[in-house]
Amino acid sequence: MKSFTILAIETSCDETAVAIIEASENNDIRILSNVISSQIALHAQYGGVVPSLASREHVKNIRHVFESALKEAGITDFQKEINLIVVTHGPGLGPTLLVGITFAKTLAWHYTKPIIGVNHMDGHIHSNWLPGRSGEPAAPLPDFPLLNLVVSGGHTELVLMKNHGEYEIIGETMDDAVGEAFDKVARLLGLGYPGGPAISKLAEQGNAETYPLPSPMAKSKNYNFSYSGLKTAVLYLLRDLKEKAQNEQTKADIAASFQKAAVDVLVSKTMRAAQEYQVNGILLSGGVSANKLLREQLLDSSSAIGMPFFCPSMKYTTDNAAMIAVAGYFASLSKDKAGLGWQSIRMDANLRLS
């Protein structure tokens, strides 16, 4: 059976990532390498990603990450062994995207290899096609249509998947993304960066019923989301509590109450959309897909309506190049190979799914 060896590069934010996968004609995926150089420690002191610093680190690290990925995959002859190059071309931070795109285009030009640019969020969606996902690891994903809840620091979207690369956004955030809200609330509580894991860990020690925070737009008839109001509610709560807000148990109760409010609306709208659009399965993806409460509630709610639920392995929830490689593989199947030259790649920091 013929197989394709694909190298992918991801530099949309603060991870320098290179992966090599092998995809067979029946769409079986093997991860040959998936190397990531994280910048979390660098940006933690600033409470968020600084684009200029992130870009500088990508320039410093990308050659080493690339060589490590080749070595781990056992690639000794790039020209003969790599069939396709894939790179994230948006959305993301412009300065960081350019580092990965320039490196990938240089490889494609030097080795005369086909290259394809993919949407970063398309990569997150396709993390569910990587080996080791939770749900039913031994079974293939259901046939389309599928509903994908995409949740990250910059995105909160309900995406109807009609096929690979054929999407309809049926709901999205009107202001803050859920991951951004986690980061901001974590900052209000004096927790570390990134905020999602910090909130989730602290919430385990708290009582989610202590403070009945609002779940904005939970009762709206559409599938859009809003998190600015919830963030502001936490700010006012902390002001009202005054000195008590410095108590560790109080912080844990606030974290748990916030997490519950944030997750409840995601779950309720996802379930309602899945039934209305009569999909064959529900998928979860994006950095916030690592949230334990969100995973558990989606699984329980999906089971209650007899709907299969899938989410990626925890190691593929954060930004990585393996998911970009899989998205590029499926995208390449419908592309004219003659049009996959290095000149075709254009950066779009505000790229949307389509």
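Note that the structure is predicted; figures quoted are calculated from it, not measured.

A word on the packing of aromatic side chains. Scanning all chains against the criterion turns up nine aromatic pairs. For the ring pair W129 and F330, a centre distance of 6.4 Å and an interplane angle of 65 degrees mean the geometry is edge-to-face. With W129 in the loop between α5 (120-126) and β6 (146-151) and F330 in helix α11 (residues 321-332), this residue pair connects regions lying 201 residues apart in the sequence. Pair check on accessibility: W129 and F330 agree, each one buried. One aromatic cluster in this structure is built from F4, W129, F144, Y329 and F330. Above the face of the F225 ring, K269 is positioned so that its terminal group lies 5.7 Å from the ring centre.

One pass over the full model with this rule turns up ten salt bridges. Its salt-bridge partner being R63, residue E67 comes within 4.0 Å of it at the nearest N-O pair. Of this pair, E67 and R63 both sit in helix α2 (residues 51-73), four residues apart, roughly one helical turn. By relative accessible area, E67 is classed as partly exposed at 43%. In this structure, the salt-bridge partner of R352 is E172, at a minimum N-O distance of 3.3 Å. Here the residue R352 occupies a position in the segment after α11, and E172 occupies one in strand β8 (residues 166-172), the gap between them amounting to 180 residues. Accessibility expressed as a relative area gives 49% for R352, which makes it partly exposed. Take E172: its relative accessible area is 25%, and that puts it in the partly exposed class.

Conventions adopted
- Residues numbered from 1 in each chain as written.
- Predicted model: local features only at pLDDT ≥ 70, side-chain atom pairs only at ≥ 80, totals over all residues.
- Heavy atoms only, no water.
- Phe/Tyr/Trp six-rings, centres within 6.5 Å; stacked < 30°, edge-to-face > 60°.
- Helix = DSSP H or I, 4+ residues; strand = E, 2+ residues; numbered from the N terminus.
- Buried < 20%, exposed > 50% of the residue type's maximum accessible area, 1.4 Å probe, protein only.
- Lys NZ or Arg CZ within 6 Å of the ring centre and 35° of its normal.
- Salt bridge = Lys/Arg side-chain N within 4 Å of Asp/Glu carboxyl O.

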